[in-house]
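Summary of the model geometry
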Amino acid sequence: MQALKILPDIYWVGAVDWNIRTFHGHTYSTKRGTTYNAYLIMDDKITLVDAVYGPFAAEMIEKIKEIIPEQKIDYLIVNHLELDHTGALPEIIKLNPKVKLFCTQKCKEGLSRYYNADWDIQVVHSGEKLKLGKRTLTFIEAPMIHWPDSMFTYCQDEQLLLPNDAFGQHYATSERFDDQVDLSILMEETAKYYANILWPLSQIILKKIEEIQKLNIPIKMIAPSHGIIWRKDPQKAIKAYLSWGKNETKPKVVVVYESMYGATEKMARKIVQGITDAGISVKLFDAAVTERTEIIAEMLEAGGFIIGSSSHDNDTLPTIAGFLHFFKGLKPKNRIGCVFGSYGWAGGAIKSIEEIFKQTGIEIAQPALGVQYGLNENELRRCYEYGMEFAQKLRKR
Ligand code: FEO
């Protein structure tokens, strides 16, 4: 795949990582791969905005060579320190020894830790401008979206926002723009990225978007550093982030469980029947079967969570324990939930899940439903009613 002109004199020079299947170590499953997007601006000062992950450095350099056969990059904008965007920097800087870097103070500190190099770095702050020639870039610090060093770069002349990870998706494609891909897949991957990485930072994201809106800067294109570029409808991405940032929900329930001998699964299926018959949308996941990040993505817009586990050693089963550990860190707001599970004697799983709900601020809508060993007809009926009652509570919110 070659360098691609995305605007007059602005080129995508990134790389597509088709085969990556886990990201952030093993915290995020990337079933559709990802891309590392970098952008070359041809102006009096030739400027590269962000770079790619180290193993893709050569591929990126090849693309840059198609546009400028001799390496003569003047400026390097480092919007974010993380290795998927800076891994190629040592190679780029080796080829362009006079290049000047622009980044936040936190990014400068992090670069020195990661690369231990004597690079020419200028620290920039929100509102500061950098004249390239015909074009001027404006920097907008965006701490904790999603690292303390993160920054957005805005090009007024092209009305182009380069927000690094924000509005991105782990989505490997041969196409580069939102009007060239299946919109439902694009939104699914955008939501999955938000749910698994940005959800706990929702308040910060909301404030940043409001701050940018107050600046009254027109945005015709959003070019993130992962996935697809928003050129047809950048407002779609912004509106989605505003909604997710406000923790807006739909009348939808996600039921997640793990079962040892099948009793907890029977409970889950009856609960789902009750919710369905109450006319509320519901999705059911066995945490031992469905990958965690896929479940979390489904939870992003759901107003109700029902979680269940068989009890083991006075606690939840181990796979759902890992799921709950991750889920707790996402700090979902404005949700109701309830808990169920079968047990042999102590029933500790229910207590553990309720404790996690309390810690995350999920309102416990009804007392937990526990069943000892197998289920009789009355207990199965009770599970059905349990789902129906929860659905009715969700509808009334
Ligand atoms: Fe895509 Fe935070 O790095």
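As the structure is a prediction and not an experimental result, all values here were calculated from the model.

Right, let's get into the domain arrangement of the chain. Under the domain assignment used here, the chain contains domain 1 (4-245) and domain 2 (253-396). Here the C-alpha centroids of domain 1 and domain 2 sit 38 Å apart. Contacts between the two partners involve 13 residues from domain 1 and, on the opposite side, 15 residues from domain 2. Together, the buried faces of domain 1 and domain 2 total about 1200 Å²; carbon and sulfur atoms form 60% of this surface. For the domain 1 face of the interface with domain 2, the top three residues by lost area are Asn 196, Trp 199 and Pro 200, together amounting to 49%. Linking domain 1 with domain 2 are 2 salt bridges. One salt bridge connects Glu 294 with Lys 31, and the closest N-O pair in it is separated by 3.4 Å. Our count for the contact surface shared by domain 1 and domain 2 stands at 7 residue pairs in polar contact (both at pLDDT 80 or more). Sorting the residues of the side of domain 1 that touches domain 2 by element identifies β5 (28-29) and α5 (183-198) as the ones contributing at least two each. Ranked by the residues each element gives to the side of domain 1 that touches domain 2, the list is headed by α5, at 5 residues.

Attention now goes to the pattern of salt bridges. In the structure shown here, the tally under the stated rule is 20 salt bridges. Glu 91 serves as the salt-bridge partner of Lys 94, at 3.4 Å between the closest nitrogen and oxygen. Of this pair, Lys 94 and Glu 91 are both found in helix α3 (residues 89-95), 3 residues apart, which corresponds to roughly one turn of the helix. A single salt-bridge network, built from bridges that share partners, covers Lys 31, Arg 32, Glu 188, Glu 189, Lys 192 and Glu 294.

Here we come to the side chain of Glu 258. The residue Glu 258 is located in strand β17 (residues 250-258) in this model. No salt bridge is formed by the buried Glu 258. Its closest oppositely charged neighbour is Arg 292, at 12 Å. Setting aside its immediate chain neighbours within four residues, Glu 258 contacts Thr 264, Asp 286, Ala 288, Gly 308, Ser 309, Ser 310, Leu 317, Pro 318, Thr 319 and Ile 320.

This brings us to the sheet that holds strand β16 (residues 221-222). Strand order across the open sheet formed by 5 strands is β12-β13-β14-β15-β16, with mixed pairing between neighbours. Each having just a single partner strand, β12 (129-131) and β16 make up the two edges of the open sheet. Direction of pairing for β12 relative to strand β13 (residues 136-141): antiparallel, over a ladder of 3 bridges. Paired with Lys 129 across the strands is Thr 138, a residue of β13. Packed onto the sheet, helix α6 (residues 202-214) meets β13 and β14 (151-155) and runs at close to 145 degrees relative to β13.

Our focus in this paragraph is α6. Compared with an ideal rise of 1.5 Å per residue, which puts 13 residues at 18 Å, α6 spans 18 Å between its outermost C-alpha atoms and is within 8% of the ideal. For α6, every residue scored as buried is listed here: Ser 202, Ile 205, Leu 206, Lys 208, Ile 209 and Ile 212. Along α6, the residues classed as buried sweep out an arc of 165 degrees about the axis, all on the same side. Every exposed residue of α6 that faces more than 90 degrees away from the buried side is listed here: Gln 203, Lys 207 and Lys 214. Residues of α6 that are buried make contact with β13, β14, α5 and α7 (234-245). Immediately downstream of α6, the backbone of Asn 216 shows phi near 60 degrees, a positive value.

Take the environment of Ser 342 next. Tracing the backbone shows Ser 342 in strand β20 (residues 336-343). Residue classification places Ser 342 among the buried residues on the basis of a relative accessible area of 9%. The spacing of Ser 342 and Met 388 is 46 residues in sequence and 19 Å in space, taken between C-alpha atoms. The residues contacting Ser 342, other than those within four sequence positions of it, are Ala 263, Thr 264, Met 267, Ser 309, Ser 310, Ser 311, Val 371 and Tyr 373.

All right, on to the pairing of strand β10 (residues 100-103) then. Bridge count between strand β9 (residues 75-77) and β10: 3 bridges; the pairing is parallel. Bridging from a neighbouring strand, Ile 77 pairs with Phe 102 of β10. Note that β10 and strand β11 (residues 121-123) share 3 bridges and pair parallel. Across the sheet, residue Leu 101 finds its bridge partner in β11, namely Ile 121. The parallel pair β10 and β11, bridged by helix α4 (residues 105-115), forms a crossover whose chirality is right-handed.

This paragraph deals with a nonpolar patch on the surface. A cluster of nonpolar side chains, Tyr 53, Leu 83 and Tyr 114, forms an exposed patch at the surface whose accessible area comes to about 260 Å². Structurally, the position occupied by Leu 83 is in helix α2 (residues 83-86). By relative accessible area, Leu 83 is classed as partly exposed at 32%.

The next subject is the packing of aromatic side chains. Across all of its chains, the model carries 13 aromatic pairs by this definition. Grouping aromatic residues by their ring pairs yields a cluster made of Phe 167, Tyr 194, Tyr 241 and Trp 244. Over the aromatic face of Phe 326 sits the side chain of Arg 292, whose NZ or CZ is 4.3 Å from the ring centroid.

This part takes up the sheet that holds strand β2 (residues 10-12). Strand order across the open sheet formed by 7 strands is β1-β2-β7-β8-β9-β10-β11, with mixed pairing between neighbours. Of all strands in the sheet, those with a lone pairing partner are β1 (4-7) and β11, marking the two edges. On average, each strand axis in the sheet is tilted by 25 degrees relative to the strand beside it, whichever way the strands run. Packed on one face of the sheet, α4 meets β10 and β11 and runs near 125 degrees to β10.

About the thresholds
Residues numbered from 1 in each chain as written. Predicted model: local features only at pLDDT ≥ 70, side-chain atom pairs only at ≥ 80, totals over all residues. Heavy atoms only, no water. Domains from an automatic or database assignment. Contact = heavy atoms within 4.5 Å. Buried area = accessible area lost by both parts, 1.4 Å probe. Salt bridge = Lys/Arg side-chain N within 4 Å of Asp/Glu carboxyl O. Polar contact = N/O pair within 3.5 Å; in protein donor to acceptor, adjacent residues only side chain to side chain. Helix = DSSP H or I, 4+ residues; strand = E, 2+ residues; numbered from the N terminus. Buried < 20%, exposed > 50% of the residue type's maximum accessible area, 1.4 Å probe, protein only. Lys, Arg positive; Asp, Glu negative; His and termini not counted. Pairing = 2+ DSSP bridges. Axes fitted to C-alpha atoms, helices over the stretch in contact; angles between N-to-C directions. Expected span 1.5 Å × (residues − 1). Arc of directions from axis to C-beta. Right-handed = clockwise from strand over helix to strand, strands pointing away. Patch = residues over 30% accessible without salt bridge, like charges linked within 9 Å, V, L, I, M, F, W, Y side chains within 5 Å. Areas by Shrake-Rupley, 256 points an atom, 1.4 Å probe, with all protein chains shown as cover. Phe/Tyr/Trp six-rings, centres within 6.5 Å; stacked < 30°, edge-to-face > 60°. Lys NZ or Arg CZ within 6 Å of the ring centre and 35° of its normal.

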